[in-house]
Amino acid sequence: MTSLPIRWQRLVSPEGKTCDRCSATHQQMLRAVDKLKEALRPLDMAPVLEIKEVDSDTFKANPSESNRIWIGGRPMEEWLGASVGSSPCCSVCGTSECRTIEVGGATFETIPERLFLKAALIAASHVLTANDG
């Protein structure tokens, strides 16, 4: 079976907490990965999700590293033709400007299931094409 690697990382405080934005993205991603497993099974492909924690020092140096997703070794925004931005966040993130993505004129703080699925399916098609040659 061919693997479709997916990596998601987000800030986790020393107390084990994350912000609402990352928490909501996590829930969206888990639902999407379940759907992706079903969609890719007939193609003999499976998503493999790795969740990485970003510590406070790394986050302070570069807040845009939190709530970041790679699919098939490339940033999700590349698959979508999206741009990366930032906006004020909350609680765990303090006053930091956290990662957002913009697709088709809409800005997303939480990554919705449908965008994740779209990027993953595009990535999967590239993996299939690469394996054909």
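Draft legend 1. Quick look at the sheet that holds strand 1 (residues 2–11). Read across the open sheet, the four strands follow the order 2-1-3-4; overall the sheet is mixed. What marks the edges here is a single partner per strand, and that holds for strand 2 (45–54) and strand 4 (74–75). Here strand 3 (residues 68–71) pairs with strand 4 via two bridges, running antiparallel. Note on strand 4: the bridge partner recorded for Trp70 is Pro75. Running over the sheet, helix 1 (residues 20–40) touches strand 1, strand 2 and strand 3 and is turned about 175 degrees from strand 1.

Draft legend 2. Geometry of the side chain of Glu113. Topologically, Glu113 is positioned in helix 4 (residues 113–132). Overall, the relative accessible area of 12% leaves Glu113 in the buried class. A polar contact is formed between the side chain of Glu113 and the side chain of Lys35, at a distance of 2.5 Å. If we skip the residues at most four places from it in the chain, Glu113 touches Gln28, Arg31, Ala32 and Lys35.

Draft legend 3. Representation of unusual backbone geometry. Despite not being glycine, Asp44 shows a phi value in the positive range, around 60 degrees. Its place among the elements puts Asp44 in the loop between helix 1 and strand 2. The exposure class of Asp44 is partly exposed, given its relative accessible area of 42%. With phi around 60 degrees, Asn67 is a residue other than glycine that occupies positive phi space.

The rules behind the values
Residues numbered from 1 in each chain as written. Predicted model: local features only at pLDDT ≥ 70, side-chain atom pairs only at ≥ 80, totals over all residues. Heavy atoms only, no water. Pairing = 2+ DSSP bridges. Helix = DSSP H or I, 4+ residues; strand = E, 2+ residues; numbered from the N terminus. Contact = heavy atoms within 4.5 Å. Axes fitted to C-alpha atoms, helices over the stretch in contact; angles between N-to-C directions. Buried < 20%, exposed > 50% of the residue type's maximum accessible area, 1.4 Å probe, protein only. Polar contact = N/O pair within 3.5 Å; in protein donor to acceptor, adjacent residues only side chain to side chain.

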